[in-house]
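What follows is each chain in one-letter form.
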Amino acid sequence: MSMKLVVGLGNPGSQYAGTRHNVGFDAVAELVRRFKPGKAQLKFSSEIWEVFASAGKFLLVTPTTYMNRSGEAVQQIARFYQVLPQDVAVVCDDMNLPLGRIRWRASGSAGGQKGLADIIQRLGTDKIPRLRLGVGRPPGQMDAADFVLSRFRAEEREESDLMTMKAADSIETWIADGVASAMNRFNRSPEE
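Because the structure is a prediction, the values reported are computed rather than measured.

Counted by the stated rule, this structure contains 13 salt bridges. In this structure, the salt-bridge partner of D169 is R34, at a minimum N-O distance of 2.7 Å. Here the residue D169 occupies a position in helix 5 (residues 157-177), and R34 occupies one in helix 1 (residues 23-35), the gap between them amounting to 135 residues. When its relative accessible area of 34% is taken as the criterion, D169 is described as partly exposed. For E72, the salt bridge is made with R69, and the minimal N-O distance between the two is 2.6 Å. By relative accessible area, E72 is classed as buried at 19%. Ionic contacts of the salt-bridge type, sharing partners, join the residues E30, R33, R34, D169 and E172 into one network.

Okay, the packing of aromatic side chains next. A complete count under the given rule lists 6 aromatic pairs for this structure. With centroids separated by 5.1 Å and ring planes inclined at 45 degrees, the aromatic side chains of F44 and F80 adopt a geometry described as tilted. Taken together, the residues F44 in the loop between strand 2 (41-43) and strand 3 (46-53) and F80 in helix 2 (residues 70-81) connect sequence positions 36 residues apart. With a relative accessible area of 53%, F80 lands in the exposed category. Arranged with centres 4.9 Å apart and planes meeting at 80 degrees, the rings of F80 and Y81 form a pair that is edge-to-face. Taken together, the ring pairs in this structure connect F44, F80 and Y81 into an aromatic cluster. Taking the ring centre of W174 as reference, the NZ or CZ of K4 above it sits at 4.6 Å.

Note that soluble globular proteins tend to have their nonpolar side chains buried in a common cluster. Core analysis: the biggest nonpolar cluster contains 29 residues, and V6, L60, W104, L131, L133, I171 and W174 have the highest contact counts within it. It is helix 5 that contributes the most residues to this core, 6 residues altogether. Setting aside residues up to four positions removed in sequence, L131 forms contacts with V90, V91, C92, I102, R103, W104, A167, S170 and I171. Among the nonpolar cores identified, the runner-up in size contains 22 residues, and M3, L5, V61 and V74 belong to it.

Before going further, it helps to examine the pairing of strand 1 (residues 4-8). Every regular strand shows the same layout, with side chains that alternate between the two sheet faces. Extensive coverage of strand 1 is indicated by the burial of 5 of its 5 residues. Both faces of strand 1 are covered, namely the face carrying K4, V6 and G8 and the face carrying L5 and V7. As judged from the 4 bridges shared by strand 1 and strand 4 (residues 56-63), these two strands associate in the parallel manner. Residue K4 lies in a different strand from strand 4, and its bridge partner there is F58. Here 4 bridges tie strand 1 to strand 5 (residues 88-94), and the two strands are oriented parallel to one another. If you follow G8 over to strand 5, its bridge partner there is V91.

Criteria and cut-off values
Residues numbered from 1 in each chain as written. Predicted model: local features only at pLDDT ≥ 70, side-chain atom pairs only at ≥ 80, totals over all residues. Heavy atoms only, no water. Salt bridge = Lys/Arg side-chain N within 4 Å of Asp/Glu carboxyl O. Helix = DSSP H or I, 4+ residues; strand = E, 2+ residues; numbered from the N terminus. Buried < 20%, exposed > 50% of the residue type's maximum accessible area, 1.4 Å probe, protein only. Phe/Tyr/Trp six-rings, centres within 6.5 Å; stacked < 30°, edge-to-face > 60°. Lys NZ or Arg CZ within 6 Å of the ring centre and 35° of its normal. Core = buried A, V, L, I, M, F, W, Y, C linked by side-chain atoms within 4.5 Å. Contact = heavy atoms within 4.5 Å. Pairing = 2+ DSSP bridges.

Read these as geometric descriptors, not functional statements.
Okay, structure coming up:
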């Protein structure tokens, strides 16, 4: 069985911690909390945690490049560990989903997400599972780039924390049972 890679996208540095753009980092941090793999290794322009679980060995990764250069790190790791694109799950923010919604896809375009776009380009395929985490739309005339680099408002924090937990649950499902299972269990909206 080949190894799986869970890549949370975000920007490095404390000034970006807790921003909408860093929800991928938050999901990986939650998995690190759950699996307690010890200290991260710093290599391939990333923080990497090796996890040994009942479903096999997998890597939790947060690239230390900036978001739009995430593909550099992912390409190096995938090449070194010989991980196939379909065994790489990219976890990223999505402004087209309402806050709190999560959506798995097995493949497709980057949908404007620059980190995902760079990974697709570097790996040479769009057949890369991705988990999109809803961060909502910018209010009024606010610039999209400013919006994703903003922190969640106090009244949004509970919803974003719940989304992080749900994202981590769904990643565990992906690791154990694959993308179809994760899609079936987690893509429905709460109202459905």
